[in-house]
Amino acid sequence: MSDFFDIDSYLNRIGLPAPTDEQRYQDGLILLRDIMAAHSRTIPFENLDIVLKRNLPVSLESMELEAKMVAGGRGGYCFENNLLLCFALRALGFGVTPMLARVRWNKPPGDPQPLGHLVLLVTLPQWPVSAATPFSGQLSVAGTPYLADVGFAGTNSIAPVAAASAEVQQLPEGHFRLLSEPFGCTGSGGMYSAELGQPLPPPLSDKQFVLQRQVRGTWRDLYMVRNEPACDADISQANWYNCTHPDARFVSSFFVSRVVGDERHHIVNGSYIFRKPDGSINEEVVTSRARLMLLLTSAFGIALPDETAYIDRFLQPPSEQPPEQPPEQPPEQPQQQPRPAPQAARAQQKRHEVAQPPS
């Protein structure tokens with residue numbers, strides 16, 4: 001996958017100025033936070049091309065991601081969003097390693113998912129040793145890794161997660177932590193509340209690690225990351241599965257998400273949901289194509305493609321009016337049956353009672 005990238009156009013799209021050398025090499029972590037937050041508030045998560053069955057699997061080449069998500073005013077699903085961020089960070093001098101992950105959020109225990117999510121392991125820019133003049137300020141700590149993810153559509157943080165230790169981290173959305181897999185859920189998924197009462201090894205010390213978020217006092221897995229660089233072939237294969245396999249979540253459902261200020265806005269199939277900073281939730285059932293198109297352009301800022309024939313296929317259809325009834329006919333008069341004699345009537349009633357099952 002080509003790394004050619006127009007960084008100026010990307011920064012203009014997310015509303016940030018070109019960083020100075022001081023911002024890159026001395027305040028690299030602040031710059032990373034600013035880029036992730038601006039990206040999340042500008043470029044939505046969406047799987048419109050998969051829903052519309054357009055040009056599948058979606059392209060992950062840098063120039064085509066730029067054309068779609070920077071110049072074209074669109075969003076993308078997790079692979080597109082995080083690879084767009086990957087190319088941008090590399091252009092600014094960050095070290096970036098894409099990694100594949102298994103989603104565990106809201107998945108049943110013991111039901112491992114395919115490696116269908118992509119995240120980034122990021123290190124801060126370092127002043128080139130070959131530079132003609134030394135850097136005059138205090139450089140960022142070399143080699144400190146951070147987990148960056150702008151493509152998990154709502155439950156992750158828009159800030160980077162420090163990956164050097166298993167300590168609990170306070171991020172804008174709440175408490176998060178990274179655990180080496182043996183100290184996480186060991187593949188079972190689900191919820192966690194008990195602390196282990198022993199020093200935890202660094203998350204990157206094992207073959208896989210887990211991102212957890214604290215929800216109402218309970219630790220829950222978001223996803224498990226395979227701790228190795230994802231090669232282009234693995235990324236392409238996972239992208240093909242996500243875009244085309246009938247069991248893939250993005251093939252069988254419609255998703256849109258965007259951070260608007262401090263609110264999280266989502267459309268999942270026919271439900272439009274937004275969460276406010278105080279935790280309150282508003283929900284609307286979207287039943288018309290016109291309302292869906294308006295939400296996509298206004299609430300999510302998506303420049304819709306020309307062809308939108310299938311865009312409403314996951315909406316809940318509005319309740320239909322009952323079919324028109326034929327004109328009423330006068331009721332047919334039942335034929336009169338001869339009244340049985342009293343003794344015969346009592347025998348008939350007795351047979352009826354015997355035939356009924358006990359209640």
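Note that the structure is predicted; figures quoted are calculated from it, not measured.

Right, let's talk about the pairing of strand E2 (residues 95-103) for a bit. Direction of pairing for E2 relative to strand E3 (residues 117-123): antiparallel, over a ladder of seven bridges. By the bridge assignment, Val96 is partnered in E3 with Val122. As paired elements, E2 and strand E10 (residues 218-226) share three bridges and run antiparallel to each other. Paired with Val103 across the bridge in E10 is Tyr223.

One finds Tyr10, Phe79, Leu85 and Phe94 to be the most contacted residues of the largest nonpolar core, which totals 47 residues. Looking at this core, the elements that each hand over two or more residues are helix H1 (7-14), helix H3 (28-42), helix H5 (62-71), helix H6 (78-91), E2, E3, strand E4 (145-148) and helix H7 (232-244). Setting aside its immediate chain neighbours within four residues, Leu85 contacts Tyr10, Ile35, Met36, His39, Leu120, Ala148 and Val150.

Our focus in this paragraph is the pattern of salt bridges. One pass over the structure, following the stated rule, counts 13 salt bridges. Put simply, Asp262 and Arg41 hold a salt bridge, and the shortest N to O gap is 3.4 Å. One end of the pair, Asp262, is in the loop between strand E11 (255-260) and strand E12 (263-268); the other, Arg41, is in helix H3, with 221 residues separating them in the sequence. Asp262 gets classed as exposed once you look at its relative accessible area, which sits at 57%. When its relative accessible area of 30% is taken as the criterion, Arg41 is described as partly exposed. One salt bridge in this structure joins Glu173 and Arg264, with 3.0 Å as the shortest N-O distance.

Quick notes on the rules
Residues numbered from 1 in each chain as written. Predicted model: local features only at pLDDT ≥ 70, side-chain atom pairs only at ≥ 80, totals over all residues. Heavy atoms only, no water. Pairing = 2+ DSSP bridges. Helix = DSSP H or I, 4+ residues; strand = E, 2+ residues; numbered from the N terminus. Core = buried A, V, L, I, M, F, W, Y, C linked by side-chain atoms within 4.5 Å. Buried < 20%, exposed > 50% of the residue type's maximum accessible area, 1.4 Å probe, protein only. Contact = heavy atoms within 4.5 Å. Salt bridge = Lys/Arg side-chain N within 4 Å of Asp/Glu carboxyl O.

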